[in-house]
Amino acid sequence: MIKKPFHYGGTVDNQYFCNRMSEIKELTTDIDTGLNLLLYAPRRFGKTSLVLHTLKQTKYKYIFLDFMSIVDEYEFINEYFNAISKSLDTTADKVVEFFKKILKVKPNITVDFDISGNPSFKLNFLHKENATVLKEVLELPYLYAKYHNKKVVVIFDEFQEVVNLEIEDKLRAVLQHHEDMVSYIFLGSKKSIMTNLFFDRSKPFYKSVKHIPIDKIGFNNWQKYIKNGFETNNKKIEDNHIKMILEVSKGFPYYTQQIASELFNMTQKVVVSEVVEEAIDSILEKEEDLFLNEWNHLSQQQKKALKFLIHFGGENIYQKEKMIEYNFTSSSLKKAIEGLVAKDVIDSKKSSFYLQDPLFELYLSRM
Ligand SMILES: Nc1ncnc2c1ncn2[C@@H]1O[C@H](COP(=O)(O)OP(=O)(O)O)[C@@H](O)[C@H]1O
Ligand SMILES: [Mg+2]
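All residue numbers refer to positions counted from 1 along the written sequence of the respective chain. Each chain is given a letter, starting from A, and each ligand a number, starting from 1, according to the order in which they appear as written. Local features in this predicted model are restricted to residues of pLDDT 70 or higher, and side-chain atom pairs are both shown and tallied only at a pLDDT of 80 or more, whereas totals for entire chains, interfaces and linings draw on every residue. No hydrogens and no water enter the side-chain calculation; it runs on all heavy atoms of the structure.

Trainee: Is there a simple way to explain the overall build of the chain in this structure?
Mentor: Working definition: helices are DSSP H or I runs of at least four residues, strands are E runs of at least two. Numbering for both runs from the N terminus. Counting secondary structure elements, the chain contains 15 helices and 9 strands. By principal-axis analysis of the C-alpha atoms, the chain measures approximately 65 × 55 × 35 Å. Across the 367 residues that make up the chain, the buried fraction comes to 50%. When the accessible surface of the chain is split by element, carbon and sulfur atoms take 51% of a total near 19,000 Å². With 50 positive and 50 negative side-chain charges, the chain shows a separation of 3 Å between the mean positions of the two kinds. Summary of the burial criterion: residues with accessible area below 20% of their type's maximum are buried, those above 50% are exposed, and those between are partly exposed, where the area comes from a 1.4 Å probe applied to protein chains only. In these tables, accessible area is a Shrake-Rupley quantity obtained with a 1.4 Å probe, and a residue counts as shielded only by the protein chains included in the view. Positive: Lys, Arg. Negative: Asp, Glu. His and the chain ends are not part of the count. Think of each charge as sitting on NZ of Lys, CZ of Arg, CG of Asp or CD of Glu.

Trainee: What is the right way to look at the site of ligand 1 in this model?
Mentor: By convention in this text, a residue qualifies as near a molecule or strand provided that one of its non-hydrogen atoms is within 4 Å of it. Inspection of the region around ligand 1 gives 22 residues, with H7, G10, K47, T48 and S49 positioned closest. Any N or O atom pair separated by 3.5 Å or less is treated as a polar contact, with the protein-specific requirement of one donor-capable and one acceptor-capable atom, and with residues adjacent in sequence counted only for side-chain atom pairs. Between ligand 1 and the protein, one listed contact pairs an oxygen atom with a backbone N or O atom of G9 at 2.8 Å. Separating a nitrogen atom of ligand 1 from a backbone N or O atom of Y16 is a distance of 3.4 Å. Against a free-state accessible area of 560 Å², the protein chains account for coverage of 96% of ligand 1. When residues of the shell around ligand 1 are traced back to their parent elements, those giving at least two are α2 (47-56) and α10 (253-266). When residues are grouped by polarity, Ala, Val, Leu, Ile, Met, Phe, Trp, Tyr, Cys and Pro land in nonpolar, Asp, Glu, Lys and Arg in charged, and all others, Gly among them, in polar. Classifying every residue of the shell around ligand 1 by side-chain character gives 11 nonpolar, 7 polar and 4 charged. Note that the domain bounds reflect an automated or database-derived domain assignment. Residue assignment places the shell around ligand 1 across two domains, with domain 1 (20-211) and domain 2 (219-293) each supplying three or more.

Trainee: I tried to follow empty space enclosed by the protein on my own but got confused; where do I start?
Mentor: Here the idea is plain: a probe the size of a water molecule rolls over the atoms and shows the empty space left. A 1.4 Å probe that fits into a set of points on a 1 Å grid over the protein atoms alone but cannot get out defines a cavity; an open set with protein on both sides within 12 Å along at least five of seven lines defines a pocket, and lining residues are those with an atom within 4 Å of a point. Grid points are joined across faces, edges and corners, and a volume is the space filled by probe spheres set on the points. Tallying each qualifying case throughout the model produces 1 cavity of 30 Å³ or more. Taken as a whole, the largest cavity encloses approximately 30 Å³ of empty space. N36, R172, L175, Q176, F186, F205 and S208 together form the lining of the largest cavity. Residue composition of the lining of the largest cavity, grouped by class: 3 nonpolar, 3 polar and 1 charged.

Trainee: What should I look at first to understand the sheet that holds strand β6 (residues 182-188) in this one?
Mentor: What holds strands together in a sheet is hydrogen bonding between their backbones, with the strands either parallel or antiparallel. Each pair of strands is called paired provided DSSP finds at least two bridges between the two strands. Pairing within the open sheet is parallel, and its 5 strands lie in the order β2-β5-β6-β1-β7. The sheet is open, and its two edges are formed by β2 (61-66) and β7 (210-211), each paired on a single side. Across 5 bridges, the pairing between strand β5 (residues 152-157) and β6 is parallel. When the sheet's bridge partners are listed, V152 is paired in β6 with V182. Packing against the sheet, helix α1 (residues 21-33) makes contact with β1 (37-40), β5, β6 and β7, and its axis sits at approximately 155° to β1. Its contacts with the sheet put helix α3 (residues 73-88) on β2, β5 and β6, and the angle it makes with β2 is roughly 150°. Between two residues, a contact is recorded if the distance between any of their heavy atoms is within 4.5 Å. Structural elements are reduced to axes, namely lines fitted to C-alpha atoms, with helices fitted over the stretch in contact, and the angle between N-to-C directions of any two is expressed from 0 to 180 degrees.

Trainee: When you look at helix α5 (residues 130-148) in this model, what are you seeing that I'm missing?
Mentor: Every α-helical turn comprises 3.6 residues, leaving residues that sit three or four positions apart pointing alike. Working rule for helices: expected span equals 1.5 Å times residues minus one. Between its first and last C-alpha atoms α5 spans 27 Å; for 19 residues at 1.5 Å apiece the expected length is 27 Å, and the two agree. The sharpest bend along α5 measures roughly 40° and falls at L140, with the proline P141 sitting one to four residues further on. We define the bend at each residue as the angle formed by axes fitted to the 7 residues ending at it and the 7 residues starting at it.

Trainee: Would you mind going over the pairing of strand β9 (residues 352-355) with me for this structure?
Mentor: Regular strands show a simple pattern: their side chains alternate between the two faces of the sheet. Sheet analysis places strand β8 (residues 346-349) next to β9, joined by 4 bridges and oriented antiparallel. Looking at β9, one finds that I346 is bridged to L355. Between β8 and β9, which pair antiparallel in sequence order, lie 2 residues; one of them, K350, sits at a positive phi of approximately 45°.

Right, here's the structure in full:
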């Protein structure tokens with residue numbers, strides 16, 4: 001049997017889930033209270049894993065919908081309907097029976113089964129019926145919760161994509177009446193869009209949620225996790241090598257797992273520094289296409305501003321000498337920085353700027 005102590009790509013749980021105790025606690029309390037919640041962080045930061053991991057430990061039924069692949073209102077209705085149907089009841093018959101009882105429009109539901117016997121549900125309707133059917137489907141979690149007198153949780157993942165569907169107003173109009181019977185959790189990978197959706201006065205979702213910050217996983221927790229992964233498989237890693245990993249990944253979950261995994265595979269018995277370097281190089285190589293793509297989507301001024309940030313660090317960026325060296329005026333630098341923030345390449349904390357992706361940063365620093 002090949003043991004695999006580290007995992008990257010897709011959501012993680014159980015043995016692969018490291019810490020996040022304070023976030024889990026806050027999430028659980030807020031769901032119990034019946035709040036609607038907002039979580040945003042860069043992609044591959046662990047949002048989906050955290051929320052699913054937390055909900056599995058609660059008593060609530062939950063519905064999970066990923067907006068990433070949904071292209072229009074019609075598809076949203078069907079995907080959401082399917083997600084609801086799969087989550088709420090134990091058998092396909094029960095689901096259909098429940099919908100027949102509760103839906104006003106007599107539903108025409110098709111159930112298909114895959115080879116393992118898992119059902120998928122389709123609501124048959126015409127595009128011109130979108131508006132009515134959308135409303136009804138949006139009500140389903142609430143109707144279900146009321147019918148059984150049991151609270152339901154709905155997770156909308158990659159919710160920033162909603163802006164491409166133009167259904168925000170309709171969503172908000174229905175969801176706001178669900179109060180404490182349904183808790184909605186909105187997850188997003190684009191901070192700029194998510195904050196705009198929820199904190200801009202003119203937007204339908206303004207002030208409808210509590211924001212839960214999600215941080216990187218701390219050094220000590222990673223240290224235990226990585227050490228344990230090696231040791232339980234009879235390999236050895238010293239603290240200074242774990243430190244090397246974390247200095248590069250900065251505790252960013254996906255990259256920490258990826259480097260640890262690569263290093264684990266490249267190590268026979270005992271980790272040595274050269275192999276840590278090799279593991280990191282090999283990951284940079286693997287991710288190069290992605291990084292180049294991101295780089296090529298920036299304007300020349302934005303590229304220059306990134307180099308500037310990497311060179312000087314993100315604090316006190318408007319110092320004269322610094323700007324002169326890169327031929328920036330304060331207004332041209334400001335514009336480039338704002339562009340990078342809007343593209344979610346950089347973010348700021350206490351007036352200091354940083355690149356969101358630690359490996360992209362390393363890649364650029366070696367360019
Ligand atoms: N709590 C965690 N402990 C360990 N690794 C994690 C954790 N959360 C996320 N990861 C790592 O990050 C990757 C991406 O997680 P995911 O939940 O899909 O992120 P997101 O939803 O933010 O894109 C996982 O495949 C895993 O390698
Ligand atoms: Mg996710």
